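# Report on the structure
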Amino acid sequence: MNAARNGGPMRQAELLRYLVLAAQREGNRQLTLKLAGIGLTPAQSEALRILADHGPLALTGLGDMLVCDSGTNPSRLADRLVTAGLVERGSAPDDRRRITLALTAAGRSANDEVRRIEDDFYDTLDAAGEQIDVSAAIELLRRVCAGSPAARALQNRIDAQGA
């Protein structure tokens with residue numbers, strides 16, 4: 001039987017699992033607190049960033065790039081952003097029946113604040129990663145997430161940046 005199950009030292013895989021969970025929860029807690037100051041949730045801020053970087057997009061296009069809600073329908077998220085005046089619905093130029101989502105002026109302003117908050121957070125992560133091989137951690141996490149809806153959503157965003 002495994003030593004960790006007999007009160008022995010924790011397996012490396014188990015430690016990794018809990019450290020990933022702890023890091024995700026702590027990062028989400030910090031972002032939630034900072035984003036609350038501008039009236040947004042992490043999911044809303046992610047949608048704003050996607051629309052700022054890749055919009056206008058159809059609802060399915062937005063959903064294909066959401067890591068926070070991957071695999072679900074982003075309509076409620078979009079509805080909240082429309083109600084808040086940060087996103088507007090319009091018609092696609094090539095097909096007037098297809099609805100697109102784009103940032104309003106208020107949405108662009110909120111996105112600027114989101115970028116500032118995220119940049120501060122990324123500075124903290126960069127500092128934590130100084131003098132260690134972060135690329136190995138990134139590769140490990142890519143392998144762990146491979147094939148998942150969240151990994152596909154992230155890859156869609158990475159691919160769209162290169163386009």
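Here we summarise the structure given alongside this text. (Residues numbered from 1 in each chain as written. Predicted model: local features only at pLDDT ≥ 70, side-chain atom pairs only at ≥ 80, totals over all residues. Heavy atoms only, no water.)

### As for the sheet that holds strand E3 (residues 95-103)
In plain terms, the rule: Strands are labelled as partners when DSSP assigns at least two bridges between them. Numbering goes from the N terminus for both helices and strands, where a helix is a DSSP run of H or I of at least four residues and a strand is a run of E of at least two. The contact rule is simple, with two residues in contact once any of their heavy atoms fall within 4.5 Å. An axis is simply a line fitted to the C-alpha atoms; with a helix, the fit covers only the stretch in contact. Between two such axes, the angle follows the N-to-C directions and lies from 0 to 180 degrees.
With antiparallel pairing, the three strands of this open sheet are ordered in space as E1-E3-E2. Looking at which strands have only one partner, the edges of the open sheet turn out to be strand E1 (57-58) and strand E2 (87-92). Here E1 runs beside E3; their pairing, made up of two bridges, is antiparallel. Its bridge partner being in E3, leucine 57 is matched across the sheet by leucine 101. Against the sheet, helix H2 (residues 42-54) touches E1, E2 and E3, its axis set at about 115° to E3. Of the strands in this sheet, E2 and E3 are in contact with helix H4 (residues 75-83), which crosses E2 at around 110°.

### So, unusual backbone geometry
Heads up, the condition is: Here the term buried applies to any residue with accessible area under 20% of the maximum for its type, exposed to any over 50%, and partly exposed to those in between, with areas from a 1.4 Å probe on protein chains only.
In this structure, proline 56 follows glycine 55 across a cis peptide bond, with omega equal to -5°. Among the structural elements, proline 56 can be located in the loop between H2 and E1. Of note in the backbone geometry, glutamine 131 takes a positive phi value of approximately 65° without being a glycine. Mapped onto the secondary structure, glutamine 131 falls in the loop between helix H5 (105-128) and helix H6 (134-145). With a relative accessible area of 84%, glutamine 131 lands in the exposed category.

### Structural notes on the layout of surface pockets
Going by this rule: For each structure, a 1 Å grid was placed over the protein atoms alone; sets of points admitting a 1.4 Å probe that cannot get out are labelled cavities, open sets with protein on both sides within 12 Å along at least five of seven lines are labelled pockets, and lining residues have an atom within 4 Å of a point. Grid points are joined across faces, edges and corners, and a volume is the space filled by probe spheres set on the points. Nonpolar residues are Ala, Val, Leu, Ile, Met, Phe, Trp, Tyr, Cys and Pro. Charged residues are Asp, Glu, Lys and Arg, and all others, Gly as well, are polar.
The computed volume of the largest pocket comes to approximately 2,400 Å³. Every residue lining the largest pocket is counted, 47 residues in all, and those nearest its centre are Phe121, Tyr122, Leu125, Leu141 and Leu154. Breaking the lining of the largest pocket down by element, the ones donating at least two residues are helix H1 (12-36), H2, H5, H6 and helix H7 (149-162). Top element by residues in the lining of the largest pocket is H1. It accounts for 11 residues. Split into classes, the residues belonging to the lining of the largest pocket amount to 26 nonpolar, 12 polar and nine charged.

### Some words on H2
Put simply, the rule reads: Expected helix span is given by 1.5 Å per residue-to-residue step, counting one fewer step than there are residues.
Along its 13 residues, H2 runs 18 Å from first to last C-alpha, staying within 8% of the 18 Å computed at 1.5 Å per residue. Within H2, 10 of the 13 residues are buried, which leaves it mostly tucked inside the rest of the structure.

### Focus: the nonpolar core
In plain terms, the rule: What we call a nonpolar core is a set of buried Ala, Val, Leu, Ile, Met, Phe, Trp, Tyr and Cys residues that are connected through their side-chain atoms within 4.5 Å.
Leu40, Leu48, Leu51, Leu62 and Val87 are the most contacted members of the largest nonpolar core, which totals 23 residues. Elements with a minimum of two residues in this core: H1, H2, H4, E3 and H5. Examining the composition of this core, we find that five residues originate from one element, H2, more than from any other. When sequence neighbours within four positions are dropped, the list of residues in contact with leucine 62 reads Ala47, Ile50, Leu51, Leu57 and Leu101.

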